[in-house]
Amino acid sequence: MRKIIIDCDPGHDDIMAVFTALAHAEELEILGITTVSGNQTLAKVTANILKVQDYFGLHIPVCMGYDSPIIKPREVQPAAHGESGMDGPVLPDPVSKPQPEHALDYLRRTLETEDKVTLVALAPLTNIALFLKTYPHLAGKIECIAMMGGAVNGGNIQKKSEFNIWQDPEAAAIVFASGVPVVMAGLEVCNAGSILLSEAEEFRHGGKVSKFCYDLMKFYGLYAVNRGWDRTPIFDITPVIWLLYPELFKAEQMDVDIELNGEFTRGMTVCTPTTGRPHTVLLDTDREAFIGVFLAALKKLDQIYA
Ligand code: BDR
Ligand code: CA
């Protein structure tokens, strides 16, 4: 059983990543969720995970972290995730509250107590970088950081940079240089694991969790629909599926350096053959097997949260 803490900015795909982990309770124990600004403000992304927990009767502790990147001004993503950060499903304001503890205190306390914890990072790396800077002696307690972000070649928010890294490049630089092993699920592998829009359309016929994901996908999928694509990556499920089924992926050990000063390349993940502090860069996956894990997860949760 692997113990995980999910650091996220929900976010349609962040929520679907949480569902994927929840469906694998025998393999992954979600100790807690920490939130950080990214897709939307800290208040909005925190409200989103709390609303979802209320709707499904979940009680995972949620701790709020930082509301802006370390240096760069905050630039949220309403085009991709809407004004709420999770447009589509209509849920009441949350009744449950976040824990009173700041995410950094929660991470410190938990890592002091636990033997080893895996961090699943689905958002700008602000919380994790500041945790590593503040409590470097606890870095050894982190089994690995399985994260969604970066790209070997391209970008989505800029030509050469992916949103989570571009939003807080200084944080990403701290994390990748920290000595903690990182498993990077960048744009290439996320694209390889895309869901067909026709597959997502079927969610409407499922149970409570599937129907909720149908509402998520109706908004989240618009980006692809508007471009005439037949599929879309659900980015943040990728590191969770890697934790469960690493054999589904093609990966390489690489150095990853973060470009901080480039006029056109700030936030780029520069991936090169390793010189000794390797991270694992996921490059490709078997789409049908990958998306099959996600589809099976929703079916399983439909039985549990009827
Ligand atoms: C990443 O950015 C966010 O919009 C998504 O939630 C994902 O974590 C994709 O670039
Ligand atoms: Ca995210």
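For the structure, see preceding data.
Computed from a predicted structure; not experimentally measured.

The rules we used
Residues numbered from 1 in each chain as written. Chains lettered and ligands numbered in written order. Predicted model: local features only at pLDDT ≥ 70, side-chain atom pairs only at ≥ 80, totals over all residues. Heavy atoms only, no water. Helix = DSSP H or I, 4+ residues; strand = E, 2+ residues; numbered from the N terminus. Rg over C-alpha atoms; globule rule 2.2 N^0.38 Å. Buried < 20%, exposed > 50% of the residue type's maximum accessible area, 1.4 Å probe, protein only. Contact = heavy atoms within 4.5 Å. Disulfide = S-S within 2.5 Å. Axes fitted to C-alpha atoms, helices over the stretch in contact; angles between N-to-C directions. Parallel < 35°, antiparallel > 145°, perpendicular 65-115°, else oblique. Left-handed = near helix turned anticlockwise from the far one by under 90°. Nonpolar A, V, L, I, M, F, W, Y, C, P; charged D, E, K, R; others polar.

**Student:** Can you lay out the overall build of the protein chain for me, pointing to particular residues and giving the numbers?
**Tutor:** When helices and strands are tallied, the protein chain shows 13 helices and 11 strands. The C-alpha radius of gyration computed for the protein chain amounts to 18 Å, which stays within 12% of the reference 19 Å derived for 306 residues, consistent with globular compactness. For the protein chain, the spread of C-alpha atoms along the three principal axes comes to 50 × 45 × 35 Å. In the protein chain, which comprises 306 residues, the share counted as buried stands at 57%. Long-range contacts, defined as pairs at least 24 residues apart, comprise 81% of the intrachain contacts of the protein chain with a sequence gap of at least 6.

**Student:** How would you explain helix α5 (residues 126-134) if you had to name every residue and give the values?
**Tutor:** Listing the buried residues of α5 in full gives T126, N127, I128, A129, F131 and L132. For α5, the secondary structure elements touched by its buried residues are β1 (2-8), β2 (28-35), α4 (103-113), β4 (117-121), β5 (142-148) and α7 (169-176).

**Student:** Mind laying out the state of the cysteines, listing which residues take part and the relevant values?
**Tutor:** Counting across every chain of the model gives 0 disulfides. A disulfide-free cysteine, C190 has its sulfur positioned 13 Å from the sulfur of C271, the nearest such atom. When its relative accessible area of 1% is taken as the criterion, C190 is described as buried.

**Student:** Mind laying out the packing of helix α1 (residues 12-22) against helix α12 (residues 237-244), listing which residues take part and the relevant values?
**Tutor:** Across the interface, α1 lies against α12 with an axial gap of 8 Å and an inter-helix angle of 20°. Comparing the axis directions of α1 and α12 gives the class roughly parallel. Between α1 and α12 lies a crossing whose hand is right-handed. Residues D13, M16, A17, T20 and A21 of α1 form the contact with α12, whose own contacting residues are I237, V240, I241 and L244. Across the contact of α1 with α12, the residue classes tally to 7 nonpolar, 1 polar and 1 charged.

**Student:** Mind laying out the environment of L119, listing which residues take part and the relevant values?
**Tutor:** Mapped onto the elements, L119 comes out in strand β4. Excluding residues that lie within four positions of it along the chain, L119 makes contacts with I5, L107, I128, I142, C144, I145 and A146.

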